[in-house]
Amino acid sequence: MEPLEVQIEALAAEVGNDTGSISQLIRHFASLPRRSAPESERLLMELKVLALLRENFLTHPDVPSVSLTCFPEVLGIRVSRGVFSPEFATDSYLWAKHLVERDAAAGKSVLEMGAGSGIISFMLHVLAPPKFLCAVDVSPRAVENLRANAAHFGSMRRDFSPFRAT
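Here the structure is a predicted model, which means the values were calculated and not measured.

(A) Structural detail: the pairing of strand β4 (residues 132-136). Burial analysis of β4 places four of its five residues in the buried class, which makes it a mostly covered element. Pairing geometry for strand β3 (residues 109-113) and β4, over five bridges, is parallel. Note on β4: the bridge partner recorded for Met-113 is Val-136.

(B) View of the pattern of salt bridges. A full pass over the atoms with the stated rule returns three salt bridges. A salt bridge links Asp-18 to Arg-141, with the nearest nitrogen and oxygen atoms 3.1 Å apart. Residue Asp-18 is found in the loop between α1 (4-15) and α2 (21-31), and its partner Arg-141 is found in helix α6 (residues 140-156); the two are separated by 123 residues along the sequence. Salt-bridge contacts for Glu-46 lead to Arg-42; the nearest nitrogen and oxygen are separated by 3.1 Å. In this pair, Glu-46 and Arg-42 are both assigned in helix α3 (residues 37-59), four residues apart and thus about one turn of the helix distant. We classify Arg-42 as partly exposed; its relative accessible area is 48%.

(C) Spatial organisation of the packing of α1 against α2. Relative to each other, α1 and α2 sit at 150 degrees, their axes nearing to 9 Å. It follows that α1 is roughly antiparallel to α2 by the angle criterion. For the crossing formed where α1 meets α2, the hand is left-handed. Between α1 and α2, the contacting residues are Ile-8, Leu-11, Ala-12 and Val-15 on the first element and Ser-23, Ile-26, Arg-27 and Ala-30 on the second. Taken together, the residues that form the contact of α1 with α2 break down as six nonpolar, one polar and one charged.

(D) Structural view of helix α4 (residues 91-101). Those residues of α4 lying buried are Tyr-93, Ala-96 and Leu-99. Here the buried residues of α4 occupy an arc of 125 degrees about the axis, which is enough to place them on one side. Projecting away from the buried face of α4 at angles above 90 degrees are the exposed residues Asp-91, Leu-94 and Glu-101. The positive-phi residue at the C-terminal boundary of α4 is Asp-103, with phi of around 55 degrees.

(E) Expanded view of the side chain of Ser-23. Here Ser-23 shows up in helix α2. Discounting residues that sit within four places of it in the chain, Ser-23 has contacts with Val-15, Asp-18 and Arg-54.

(F) How the structure looks around the packing of α4 against helix α5 (residues 119-127). With their axes 9 Å apart at the nearest point, α4 and α5 run at an angle of 30 degrees to one another. Here α5 runs roughly parallel to α4, going by the angle between their axes. In this structure, α4 crosses over α5, and the sense of that crossing is right-handed. Contacts between α4 and α5 involve Ser-92, Tyr-93, Trp-95, Ala-96, Lys-97, Leu-99 and Val-100 on the former and, on the latter, Ile-119, Ile-120, Met-123, Leu-124 and Leu-127. Class assignment for the residues of the contact of α4 with α5 results in 10 nonpolar, one polar and one charged.

(G) Fine view of the nonpolar core. The biggest cluster of nonpolar side chains holds 20 residues, and the ones touching the most others in it are Val-74, Ile-77 and Ile-119. For this core, the secondary-structure elements that each account for two or more residues are α4, α5 and α6. Sort the elements by how many residues they give to this core and α5 lands first, with five residues. The next biggest cluster of nonpolar side chains, apart from the first, holds 13 residues, and it includes Ile-22, Leu-43, Leu-50 and Ala-51.

Parameters at a glance
- Residues numbered from 1 in each chain as written.
- Predicted model: local features only at pLDDT ≥ 70, side-chain atom pairs only at ≥ 80, totals over all residues.
- Heavy atoms only, no water.
- Buried < 20%, exposed > 50% of the residue type's maximum accessible area, 1.4 Å probe, protein only.
- Helix = DSSP H or I, 4+ residues; strand = E, 2+ residues; numbered from the N terminus.
- Pairing = 2+ DSSP bridges.
- Salt bridge = Lys/Arg side-chain N within 4 Å of Asp/Glu carboxyl O.
- Axes fitted to C-alpha atoms, helices over the stretch in contact; angles between N-to-C directions.
- Parallel < 35°, antiparallel > 145°, perpendicular 65-115°, else oblique.
- Left-handed = near helix turned anticlockwise from the far one by under 90°.
- Contact = heavy atoms within 4.5 Å.
- Nonpolar A, V, L, I, M, F, W, Y, C, P; charged D, E, K, R; others polar.
- Arc of directions from axis to C-beta.
- Core = buried A, V, L, I, M, F, W, Y, C linked by side-chain atoms within 4.5 Å.

See below:
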């Protein structure tokens, strides 16, 4: 078996220059300094999970996006190919629920950075509408996904106007 560092470097090299969110995460995590063998082992396992998620996205070229049904507040939110899905890590969903429960966003200006599919922004818009809402992401795929979801939710709600995908 190859040393841990060699396996980590191989996973990072496998994604090449792909601009997808998962590929960016893999490259970033692989570049982080490690101080011990247990840290490298943990990182390798995390990278393998990310690589499996990435492979799943790339395995079905005929499926450009999926519609999620696991979040009742934002039924029909779509996740495009190459954009990290909130169904794999529910922290975004839980964070949005926390913001709503604390009344932290209603009537205020909100900026969601690294929005991905925009689940936080759309949940806030539906449950506790901010005065102004801007969702941004560095990934062109994510921005395209945000715009598609904005169109979807905009067609469902007449008052949907303060959203801007950048």
